[in-house]
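Chain and residue survey
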Amino acid sequence: MRNQSHKMTVSIDEHTSHLEPLKAFFKALDQEGVTIEKLPDDRREQYQLQAINLTLEHAWNRNAYYRASLEAAGFESPKIDALHQVASIPLLGKDVIRGDKSKLLCVEPKDIGQVHLTSGTSGKPIYTSYSLADQYVYDLLPKYSELFPETDDDIVAIALPYEFALPGLGFQRLFQFAFGSAILSLGKGGYMAPVDKSLELMKEYQATILATTPSYAALLAEESAKYGITPGVDIKLKRIILTGEGCSYTFRRRLEQWWGCEASFFYGSTECGVVAVECEEHKGYHVAQGHVFMEVVDPDTGEPLGYDKTGEIVMTTLLREAMPMVRYRSGDIGYLTRSQCACGITMDVLHLRGRMENMIRLNGEDYSPFVLEQFLLEVPDVGMWYYFVIEDGKLTIEVEPFRTELNDKKLARKVRNHIEQSLGIECDVVVRRDIPRTFGKATRVIFK
């Protein structure tokens, strides 16, 4: 194991927490020279059971909503005896907490160190409060040296939002405190972060890591030619960490070719922090089981599905003081497998399939936009900006040409034939040259 020690440590004055007993577990791992990544399942499960029970007791004692919810489910004390009993704890839906900043709060307001929020589809955001210890102590306890091989030699460009949401600051804390890496806080196309300055800064400091969304990685590469910068030559990245949006393996492969480096998927959320990370094998995300306990449930009944069955991803945070999430329904779809990965990491593997709200129903079947994108981008003449437009159960794909000699009619026919032959889906294809770029999350699916 590479010796991965925190370059900086923080102590919180006169601070005590229900999470203090867990420090001994991670200290023992450090002394043994191992990480939670490669522990035998039974030892890691013992840790998760202890962490869940500490969280339940904390929530029971400090939060009226959680206590009432547990009591209504028949709990007489905040404790389970085995991990499978997590299924007896009530599920937590987004609708319960949307627009309510205090419903899940388990500390005094004066103990809040930072607040993040996500934009809500209903117009009401989800507020997530962190204590200082959440951010600078407990969140950094688990070490994932296989999933994050970065060191203090790395220059990390973070092209993620720093406003409101967690991603920008979360990655900054990780790389600064855990690895001692230098940070280029690019942001994502805001007033102080235009694309040209971002590319110039990456070139000037020779960034080795870029953390950003798939669409923004494409935009940066696409725009670089305007400023005389060539990815892979003027900016020689070792790795791109892709987060904030899903994308297909074909999209990722194009980014790797464009930037001349590996691209890895990272799955997290403002509400739950780090959730799962892809290893070098690129065959799914290893669940960050030091930080979260993950389940997959039937989205209609809430019943646990176990391994190898696709359903809604549910998460319980293990290292949260201010606002723990207990059986939080993510709205994302995927399935879990036990790890048999060649990388040697024993943590469960998540196979992500997209968001429930973005699933596309055609001919009586549901399709993930990632699946459609996978086959669309197999056509090399198609660019990385497109729309899937769904109207009256019919699919129209709007595409841009990319380095092709085909005229619009031939390109449309080529795309239409490839989608029908690959997926058995009939569609219309419209060739455009004006699909707008975005600095936010890319919209790929339009329901009319």
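Residues numbered from 1 in each chain as written. Predicted model: local features only at pLDDT ≥ 70, side-chain atom pairs only at ≥ 80, totals over all residues. Heavy atoms only, no water.

Here we come to the overall build of the protein. Helices and strands together make up the secondary structure of the protein, namely 11 helices and 19 strands. Taken against the 2.2 N^0.38 rule, which gives 22 Å for 448 residues, the C-alpha radius of gyration of the protein at 22 Å falls within 12% of a compact globule. Across the 448 residues of the protein, 53% fall into the buried class. Of the contacts formed within the protein by residues at least 6 apart in sequence, a portion of 67% connects residues at least 24 apart. Element-wise, carbon and sulfur atoms account for 48% of the exposed surface of the protein, whose accessible area totals about 20200 Å². (Helix = DSSP H or I, 4+ residues; strand = E, 2+ residues; numbered from the N terminus. Rg over C-alpha atoms; globule rule 2.2 N^0.38 Å. Buried < 20%, exposed > 50% of the residue type's maximum accessible area, 1.4 Å probe, protein only. Contact = heavy atoms within 4.5 Å. Areas by Shrake-Rupley, 256 points an atom, 1.4 Å probe, with all protein chains shown as cover.)

Once that is clear, we can look at the pattern of salt bridges. In total, this model carries 25 salt bridges according to the counting rule given. Across the pair glutamate 32 and arginine 43 runs a salt bridge whose closest N-O atoms are separated by 2.8 Å. Here the residue glutamate 32 occupies a position in helix α1 (residues 20–32), and arginine 43 occupies one in helix α2 (residues 41–62), the gap between them amounting to 11 residues. A salt bridge links glutamate 278 to arginine 252, with the shortest nitrogen-to-oxygen separation between them at 2.8 Å. One end of the pair, glutamate 278, is in strand β8 (residues 273–278); the other, arginine 252, is in helix α9 (residues 249–259), and 26 residues separate them in sequence. Across the pair, arginine 252 and glutamate 278 agree in class, each one buried. (Salt bridge = Lys/Arg side-chain N within 4 Å of Asp/Glu carboxyl O.)

This part covers the packing of aromatic side chains. This structure, assessed with the given rule, holds 16 aromatic pairs. Arranged with centres 5.2 Å apart and planes meeting at 55°, the rings of tyrosine 136 and phenylalanine 177 form a pair that is tilted. Taken together, the residues tyrosine 136 in helix α5 (residues 132–136) and phenylalanine 177 in helix α6 (residues 167–178) connect sequence positions 41 residues apart. Judged by relative accessible area, which is 25%, tyrosine 136 ranks as partly exposed. Plain terms: the ring middles of tyrosine 249 and phenylalanine 265 are 6.0 Å apart, the flat faces sit at 55° to each other, and that makes the pair tilted. One end of the pair, tyrosine 249, is in helix α9; the other, phenylalanine 265, is in strand β7 (residues 262–269), and 16 residues separate them in sequence. Members of the aromatic cluster, each reached through a chain of ring pairs, are Phe148, Phe171, Phe175, Phe179 and Phe266. Positioned above the aromatic ring of tyrosine 136, the side-chain terminus of arginine 173 is 5.7 Å from the ring centre. Lying across the ring of tryptophan 385, arginine 444 places its NZ or CZ 5.4 Å from the centre. (Phe/Tyr/Trp six-rings, centres within 6.5 Å; stacked < 30°, edge-to-face > 60°. Lys NZ or Arg CZ within 6 Å of the ring centre and 35° of its normal.)

For the rest of this paragraph, the subject is the sheet that holds strand β18 (residues 427–431). The sheet built from four strands is open, its strands ordered β18-β17-β16-β19 with mixed pairing. Among the strands making up the open sheet, the edge pair consists of β18 and β19 (445–447). Strand-to-strand twist of the sheet, defined as the mean angle between neighbouring strand axes without regard to direction, takes the value 20°. Pairing of strand β17 (residues 394–401) with β18, which is carried by five bridges, proceeds in the parallel orientation. What sits directly across from valine 399, in β18, is valine 431. Seen against the sheet, helix α11 (residues 408–423) touches β16 (382–391), β17 and β18 and runs at an angle of roughly 150° to β18. (Pairing = 2+ DSSP bridges. Axes fitted to C-alpha atoms, helices over the stretch in contact; angles between N-to-C directions.)

The phi dihedral of histidine 282 is positive, around 55°, even though this residue is not glycine. Positive phi is not limited to glycine here, since aspartate 392 has a value of about 55°. Mapped onto the elements, aspartate 392 comes out in the loop between β16 and β17.

Working note: a packed helix pair is described by the angle between its axes plus the distance between those axes. Two elements in contact, α1 and α2, have axes separated by 10 Å at closest approach and are oriented at 160°. In this view, α1 runs roughly antiparallel relative to α2, as classed from their interaxial angle. As α1 runs across α2, the sense of the crossing is left-handed. The segment α1 lies against α2, with Pro21, Leu22, Phe25, Phe26, Leu29 and Glu32 engaging Arg43, Tyr47, Gln50, Ala51 and Leu54. Residues that form the contact of α1 with α2 fall into these classes: eight nonpolar, one polar and two charged. (Parallel < 35°, antiparallel > 145°, perpendicular 65-115°, else oblique. Left-handed = near helix turned anticlockwise from the far one by under 90°. Nonpolar A, V, L, I, M, F, W, Y, C, P; charged D, E, K, R; others polar.)

With their axes 10 Å apart at the nearest point, helix α8 (residues 214–224) and α9 run at an angle of 30° to one another. Here α8 runs over α9; the crossing is left-handed. Taken together, the residues of α9 that come into contact with α8 (itself represented by Pro214, Ser215, Ala217, Ala218, Leu220, Ala221 and Glu222) are Phe251, Leu255, Trp258 and Trp259.

Let us now look at the sheet that holds strand β11 (residues 311–317). The strands making up a sheet associate through hydrogen bonds between their backbones, and the pairing can be parallel or antiparallel. Read across the sheet, 11 strands follow the order β4-β3-β5-β6-β7-β8-β9-β13-β12-β11-β10 without closing on themselves; strand pairing throughout is mixed. At either end of the open sheet lies a strand with only one pairing partner, and these are β4 (182–185) and β10 (292–297). Within the sheet, the average angular offset between the axes of one strand and its neighbour, ignoring direction, is 35°.

Among the 10 residues in β16, nine count as buried, and that is most of the element. With seven bridges joining them, β16 and β17 adopt antiparallel strand pairing. Along β17, the bridge assignment pairs tyrosine 387 with glutamate 398. Count of turn residues in the β16/β17 antiparallel hairpin: two residues, of which aspartate 392 carries a positive phi of about 55°. Here β16 runs beside β19; their pairing, made up of three bridges, is parallel. Its bridge partner lying in β19, valine 389 is registered against isoleucine 446.

Considering all chains together, one arrives at zero disulfides under this definition. No disulfide involves cysteine 261; its sulfur sits 13 Å from the nearest other cysteine sulfur, which is in cysteine 247. Exposure remark for cysteine 261: the relative accessible area of 9% places this residue in the buried category. The thiol sulfur of cysteine 279 is not disulfide-bonded, and the nearest other cysteine sulfur, from cysteine 341, lies at 3.5 Å. (Disulfide = S-S within 2.5 Å.)

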